[in-house]
Every structure is written in C-alpha cells, then in structure tokens.
Amino acid sequence: MRSVVSFLVAASVLSPLAAIAEVQPHRAEYTLRLGAAANAPRIGTAVHDLTQDCAGWHLKRDIKTEIALTASWKMSLASKLDSEETRNAFRYGVVQTQNGSPRDVKGRVQRQGSKEGGELKAEIVFGTSPPTQFVLPPPTLLPTAAINHLIERLAAKAASFPALMFDPEVTGDVFLIEVTEQDRATVRGARPADRPVALPTGKSWPVFMNFSRGRQDQKPLFSVTALVFDNGVLDRLTVDTGLLSVTADLANLEMRKAPVCPRS
C-alpha cells in the first residue's frame, strides 16, 4: 500500500518562499496506472487539493486504487490525508484502507520557540495506541515548505541537492530526498487515450528523486521522476519501488488565487 500512496508524497519535496518561485493554491486530479507503457491499465485516481489562507496551508489528498495481482486476486487500497501547515507547525490526520480494513493515524509536528532553527518535535498516534513522541533532525522541512524549497533550488540552477522532509503518509517520520535535474528528453510522453489538460505556462523542470529513510544511511525505498512546475504543480510522475511502478498523469487542473494578507 505504501508504495502506491508514496506517489503523491513527491507532491509534498522540500525555507521560506522565494520571490521568483513559490507554490500556488491548486486542485490537481490524476489518473493512476500500473506501469509506464502507453497502454498500461488504469488502477485508480488521486486528488491533491491545496488551499491557502493568511494562517497557512490546508492540504487534502485522496488516493484510491484497485490492483489486480492475478485474475482472482485484487487489492483495494485508499489513503485520505487532511492537514494544516504553518511556518512552525503541521497537524494532520490520515486514514489508509486496505481491502476494507482502515488504519487511522493522527499527528502533529511543532517547532519549539519562534525561531526558524528551533527544535522540531513530533507526536504521532496510531489508532488507539499511546502517542509516539520524537525529535526531528534540525533541517527537516514540512510538506508544502518542502515543495517551495524544491522549486527555489531548481530556479537557482542547482543540478542536484538533498533535502529532509517530514512524511505523514508512508513512514510517519523523515525522508531524505536526493534530487537531480534531468534532461527534458527524459520526460515521459502523454498517453494517447488521455484528454489534454491545460498545463501551467511558467517554467518547469524534469527531476529524478530518490527517497530513503532520513535517520540513517539506507538504500532508497523508492524513486520518483516528475515534471515540476514553478507554481508547485507536478505532472508525468512515475514511482518505481523495484517491484512495481505506478504512474500518475494530470487529468484536471484548477489554479486558485493566493490570499492577500497583511504583512506581519
């Protein structure tokens, strides 16, 4: 399940906003397929719904899949994330369901003190179990801030760079993400059967990202290739776990206006 859910974790890689590049509120719908072939079977849908007000970001993600492993064995998977993010805090709830069995997770990450370098503490509750509390590594970025960092570094022409990101959906801990910009010729083409979607008109970058656990040196859990736009929209995603690959292509995109907030 987590290998499928992780596709949109990529929509949540990697510092305050730069004037030349920042995430914009938007709602993106994706078609999920098993494999990268032009005729790969559809296995589900995903929705990434990001809104913003003067207090911060509100992100909802809804992923639904059904994978036929054999003619008689199907696996039904779903994940729903509802989160709020400010500069110094992140609160979320995740419900993940496999073949009808739900798993509920609630958590919060809070920076101690008002300074950017303050200690980040996490508290995670899995179902009815007692809370798990731990401290995150100092450079850890929250999900939407992580996307801003990714765009900022790519706009600054960084060919490759690492980042630490808190992950609420797959590990409930920290991901180390190794990002490398790719040649544009590597971008996977559109599926002939897909309805064309009006893409953002700004700058974009093809990227390759390796995701591994951030607390120790380990081999990557999975890799992601994607086309990243300078407003935070992602398209042409391919998640490769080594055992299977899942692709996600934009099926619908709605851009929203950012709020006009008073300067603090």
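Please read all numbers here as calculations on a predicted model, not as lab measurements.

Calculation criteria
Residues numbered from 1 in each chain as written. Predicted model: local features only at pLDDT ≥ 70, side-chain atom pairs only at ≥ 80, totals over all residues. Heavy atoms only, no water. Helix = DSSP H or I, 4+ residues; strand = E, 2+ residues; numbered from the N terminus. Areas by Shrake-Rupley, 256 points an atom, 1.4 Å probe, with all protein chains shown as cover. Buried < 20%, exposed > 50% of the residue type's maximum accessible area, 1.4 Å probe, protein only. Polar contact = N/O pair within 3.5 Å; in protein donor to acceptor, adjacent residues only side chain to side chain. Contact = heavy atoms within 4.5 Å. Core = buried A, V, L, I, M, F, W, Y, C linked by side-chain atoms within 4.5 Å. Salt bridge = Lys/Arg side-chain N within 4 Å of Asp/Glu carboxyl O. Pairing = 2+ DSSP bridges. Expected span 1.5 Å × (residues − 1). Disulfide = S-S within 2.5 Å.

Caption draft 1: View of the overall build of the chain. Each helix and strand in the chain was counted, giving 2 helices and 14 strands. Put simply, the chain shows about 13,000 Å² of open surface, and 52% of that area lies on carbon and sulfur atoms.

Caption draft 2: The side chain of Asp-194, seen in detail. Within the element layout of this structure, Asp-194 appears in the loop between β10 (173–181) and β11 (204–213). For Asp-194, a relative accessible area of 19% corresponds to the buried category. Within polar-contact distance, the side chain of Asp-194 engages the side chain of Arg-33 at 2.6 Å. Ignoring sequence-local partners within four residues, the contact set of Asp-194 consists of Arg-33, Arg-42 and Asp-249.

Caption draft 3: Here's a closer look at the nonpolar core. Judged by nonpolar contacts, the single largest core of 60 residues is most densely connected at Tyr-30, Tyr-92, Val-109, Leu-136, Val-207, Met-209 and Val-224. Ignoring sequence-local partners within four residues, the contact set of Val-109 consists of Asn-88, Ala-89, Phe-90, Leu-120, Lys-121, Ala-122, Leu-136, Leu-142 and Phe-166.

Caption draft 4: Fine view of the pattern of salt bridges. This structure, assessed with the given rule, holds 16 salt bridges. Across the salt bridge formed by Asp-249 and Arg-33, the nearest N and O atoms sit 3.8 Å from each other. Residue Asp-249 is found in strand β14 (residues 245–255), and its partner Arg-33 is found in strand β1 (residues 26–34); the two are separated by 216 residues along the sequence. With respect to class, Asp-249 is no different from Arg-33; both count as buried. Three or more residues joined by partner-sharing salt bridges are found here, namely Arg-33, Arg-42, Arg-188, Arg-191, Asp-194, Asp-235, Arg-236 and Asp-249.

Caption draft 5: Representation of the environment of Glu-29. Position of Glu-29 relative to the elements: it lies in strand β1. Residue contacts for Glu-29: discarding those within four places in its chain leaves Ala-46, Val-47, Asp-249, Leu-250, Ala-251 and Asn-252. There is a polar contact of 2.3 Å between the side chain of Glu-29 and the side chain of Arg-27.

Caption draft 6: Fine view of the pairing of β14. With 9 bridges connecting them, β1 and β14 associate as antiparallel partners. Within β14, the residue paired with Glu-29 across the bridge is Asn-252. Bridge count between strand β13 (residues 234–240) and β14: 4 bridges; the pairing is antiparallel. Across the sheet, Leu-237 pairs through a bridge with Ala-248, a residue of β14. Counted along the chain from β13 to the antiparallel partner β14, the turn is 4 residues long, and its residue Gly-242 has a positive phi close to 95 degrees.

Caption draft 7: Quick peek at helix α2 (residues 143–155). Under the 1.5 Å per step criterion, the end-to-end length of α2 is 19 Å for 13 residues, consistent within 8% with the ideal 18 Å. Of the residues making up α2, those classed as buried are Pro-143, Thr-144, Ala-146, Ile-147, Asn-148, His-149, Leu-150, Ile-151 and Leu-154. Lys-157 sits one or two positions beyond α2 and adopts a positive phi of about 65 degrees.

Caption draft 8: Geometry of the environment of Ser-245. Assignment of secondary structure puts Ser-245 in strand β14. Residue classification places Ser-245 among the buried residues on the basis of a relative accessible area of 19%. Measuring from C-alpha to C-alpha, the distance between Ser-245 and Phe-222 comes to 9.5 Å, with 23 residues separating the pair along the chain. Not counting the four nearest positions on each side in its chain, Ser-245 is found in contact with Arg-33, Leu-34, Gly-35, Ala-36, Val-239 and Asp-240.

Caption draft 9: Structural context of the state of the cysteines. Per the counting criterion, the structure on display carries 1 disulfide. Covalently, Cys-54 is tied to Cys-261 through a disulfide, its sulfur atoms 2.1 Å apart. Disulfide Cys-54 to Cys-261: torsion about the S-S bond roughly -95 degrees, handedness left-handed. Taken together, the residues span a long stretch of sequence, with Cys-54 in the loop between β2 (42–53) and β3 (56–68) and Cys-261 in the segment after β14 at a distance of 207 residues. Residue Cys-261 is classed as partly exposed on the basis of its relative accessible area, which comes to 34%.

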